[in-house]
Amino acid sequence: MDFELDEESRAFADSVRRFARNKLAEGALRRAHESAYPWDVARMLAAQGLLGIPFAEADGGMGGTLLQAVIAIQEVALVCPRSDDIVQAGNFGPIRTFVEYATPGQKKRFLPDLLAGKTLMSLGMTEPDAGSAVTDLQTRAEMEGTVYVVNGSKIFSTHSPEANLFLIYVRYGPGVGGIGSVLVERGMPGFTIGKPSSFMSGEQWAELHFEGCRIPAENVLLGPGGFKKQISGFNVERLGNASRSLALGRYAFNLAREHALVRKQFGRPLCEFQGLQWKFAEMAVKLDSAQLLLYRAVASADKGLPAAYETAAAKLACNTAGWEAANEALQVMGGTGYSRDTLVEYCVRRTRGWMIAGGSLEMLKNRIAESIFDRRFDQRPG
Ligand SMILES: Cc1cc2nc3c(=O)[nH]c(=O)nc-3n(C[C@H](O)[C@H](O)[C@H](O)COP(=O)(O)OP(=O)(O)OC[C@H]3O[C@@H](n4cnc5c(N)ncnc54)[C@H](O)[C@@H]3O)c2cc1C
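Residues numbered from 1 in each chain as written. Predicted model: local features only at pLDDT ≥ 70, side-chain atom pairs only at ≥ 80, totals over all residues. Heavy atoms only, no water.

Chemist: Would you explain the overall build of the protein chain in this entry?
Modeler: Secondary structure summary: the protein chain contains 13 helices and 12 strands in total. Its C-alpha atoms give the protein chain principal-axis dimensions of about 80 × 50 × 45 Å. Taking all 382 residues of the protein chain together, 51% fall into the buried category. Of the contacts formed within the protein chain by residues at least 6 apart in sequence, a portion of 71% connects residues at least 24 apart. In the protein chain, which carries 43 positive and 42 negative side-chain charges, the distance between the mean positions of the two groups comes to 2 Å. (Helix = DSSP H or I, 4+ residues; strand = E, 2+ residues; numbered from the N terminus. Buried < 20%, exposed > 50% of the residue type's maximum accessible area, 1.4 Å probe, protein only. Contact = heavy atoms within 4.5 Å. Lys, Arg positive; Asp, Glu negative; His and termini not counted. Charge placed at Lys NZ, Arg CZ, Asp CG, Glu CD.)

In structure tokens, the structure reads:
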């Protein structure tokens, strides 16, 4: 068993770190407070080969590994937390499910611009009455001749105000087996995007409405029976979410550590107070243990998709450790940490959201319990 990254991975991490420090450090604070997607950075990251890292070269990707994508998301976040939205969107988000299941024709149409940082894809899974109980989704796709007519609505979709392509979970028929997905393009008749609303993090989302939206057969991603495949693809999105929680927790930890070394109160640097030393000790151990679970989940994927239990455990640990570290770092930095002049408060707000998004902590624990007892626990009343 080896707990160190191998030489190739270390070299990759060094190169991403150098790039991030040279190109992303300046403007990191400003970017975090702007709601618009940083398209200039998206193109820069694309040119640097940081989008499509684990995708096959034949698909326009870099032919790398999931581990490299995780390393990239962590190294970028440690310099510019906001730019990580781009690494997530280009490697872990709905694009990953798309690459796994799209037809060659669909890939040819959509991937070049997505991987060039010119367009964005958004995932529409959650509905007003289907959150944690996602299989209760009501958005229907009914066949009419050669097209599918979609009716329904979606909420909370990340990047929805700016995306051009939407991967939408739909119901072709009853039950879990009736669920699949379609690709909806901005501007398609019958598809409207509502007024943007803001999350506590500052991220914006807009309600997606489908009213008699006619989807050609070539825009079907997964037909009936596609739900399990989609959730397997979504496990990669969960690992991106987990990696970012951890990285933002570390970002805040690093800033608080520097602060505690130089800030003096009662004639001594803060790091000499045991009450604060213990906070750092706890943060460090939580971050390190979550990191190991994250690497285990990544290893479970090999060249394919990560295993469900390992993903759930990693996300639970990283979401918790990342948020707790960011929150404690803020406390250690006092009024400076609470101020918008540092990014610690930003890390608190972002990491908090990932405890809900992509499978809430409670739903992850439900999934972990199923593995422990080797049986399914239906959450619905009998
Ligand atoms: C930052 C952010 C980004 C998001 N991005 C997207 C996106 O891109 N696309 C998309 O489709 N959705 C997105 N979402 C929505 C997200 O997937 C849902 O918020 C999430 O699934 C929870 O659903 P809900 O908000 O309806 O809460 P509810 O399902 O109403 O749950 C409320 C609370 O009850 C708990 N709970 C519910 N059921 C159980 C149970 N059986 N056992 C124990 N506890 C339970 C939940 O954990 C939660 O704490 C995003 C959300 C956030 C916060």
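Chemist: It is not clear to me how the environment of Ile368 should be interpreted in this structure. Could you clarify?
Modeler: Looking at the element boundaries, Ile368 is found in helix H13 (residues 361–373). The sequence separation of Ile368 and Ser201 amounts to 167 residues, and the corresponding C-alpha distance is 28 Å. Contacts of Ile368, omitting those with residues within four sequence positions, involve Tyr309, Ala312, Ala313 and Leu316.

Chemist: Explain the site of the ligand here, please?
Modeler: Lining the immediate surroundings of the ligand are 19 residues, of which Thr126, Ser132, Ser360, Glu362 and Gln379 lie closest. Between Thr126 and the ligand, the recorded distance is 2.7 Å, taken from a side-chain N or O atom to a nitrogen atom. Residue Thr158 places a main-chain N or O atom 2.9 Å away from an oxygen atom belonging to the ligand. Summarising the interface, the protein chains cover 68% of the accessible area of the ligand, which totals 970 Å² for the free molecule. (Near = heavy atom within 4 Å. Polar contact = N/O pair within 3.5 Å; in protein donor to acceptor, adjacent residues only side chain to side chain. Areas by Shrake-Rupley, 256 points an atom, 1.4 Å probe, with all protein chains shown as cover.)

Chemist: Sorry if this is basic, but what is going on with helix H12 (residues 344–353) here?
Modeler: Along an α-helix, residues three or four positions apart point the same way, because every turn accommodates 3.6 residues. Here H12 lies mainly inside the structure; eight of its 10 residues are buried. The complete set of buried residues in H12 reads Val344, Glu345, Tyr346, Cys347, Val348, Arg349, Arg350 and Thr351. Each element contacted by the buried residues of H12 is listed here: helix H2 (28–33), helix H5 (84–91), helix H8 (227–262), helix H10 (308–332) and helix H11 (334–338).

Chemist: Where do I start with the layout of surface pockets in this structure?
Modeler: In this approach a probe as big as a water molecule rolls over the atoms, and the regions it shows empty are the leftover space. Roughly 430 Å³ of internal volume is contained in the second largest pocket. Around the second largest pocket sit 18 residues that line it, and Leu5, Gln74, Arg250, Gln291 and Tyr295 are the ones nearest its centre. Contributing elements (two or more residues each) for the lining of the second largest pocket: helix H1 (7–23), helix H4 (66–77), H8 and helix H9 (274–301). (1 Å grid on protein atoms, 1.4 Å probe; cavity = no way out; pocket = protein on both sides within 12 Å on 5 of 7 lines; lining within 4 Å. Points joined across faces, edges and corners; volume = space filled by probe spheres on them.)

Chemist: I would appreciate a short explanation of the pattern of salt bridges in the present structure.
Modeler: Side-chain pairs of opposite charge can arise whenever the charged atoms involved come near each other. Overall, the coordinates contain 22 salt bridges when judged by the stated rule. A salt bridge links Lys286 to Glu324, with the nearest nitrogen and oxygen atoms 2.8 Å apart. Taken together, the residues Lys286 in helix H9 and Glu324 in helix H10 connect sequence positions 38 residues apart. Each member of the salt-bridge network shares a partner with another, and the members are Arg82, Asp84, Asp85, Glu203, Arg244 and Arg350. (Salt bridge = Lys/Arg side-chain N within 4 Å of Asp/Glu carboxyl O.)

Chemist: Just to check I follow, could you spell out the nonpolar core for this structure?
Modeler: Nonpolar side chains in soluble globular proteins generally cluster together in the buried interior. Core analysis: the biggest nonpolar cluster contains 111 residues, and Leu24, Leu45, Leu50, Phe98, Val182 and Val184 have the highest contact counts within it. It is H8 that contributes the most residues to this core, 13 residues altogether. With near-sequence residues (within four places) excluded, Val182 lies in contact with Val150, Phe166, Leu167, Ile168, Val170, Tyr172, Ile215, Asn219, Val220 and Leu221. Counting seven residues, the second-largest nonpolar core is a separate cluster that includes Ala312, Ala313, Met355 and Ile368. (Core = buried A, V, L, I, M, F, W, Y, C linked by side-chain atoms within 4.5 Å.)

Chemist: Looking at this structure, I do not really get a negative patch on the surface. What am I missing?
Modeler: The grouping of Asp2, Glu4, Asp6, Glu7 and Glu8 at the surface amounts to a negative patch. The residue Asp2 is located in the segment before H1 in this model. (Patch = residues over 30% accessible without salt bridge, like charges linked within 9 Å, V, L, I, M, F, W, Y side chains within 5 Å.)

Chemist: Would you take a moment to explain the pairing of strand E1 (residues 121–124) for this structure?
Modeler: Regular strands have side chains that alternate between both faces of the sheet. Alternating residues of E1 divide into Met121 and Leu123 and Ser122 and Gly124, and every residue in both groups is buried. Here E1 runs beside strand E4 (residues 165–171); their pairing, made up of four bridges, is parallel. Bridged to Leu123 within E4 is Leu167. (Pairing = 2+ DSSP bridges.)

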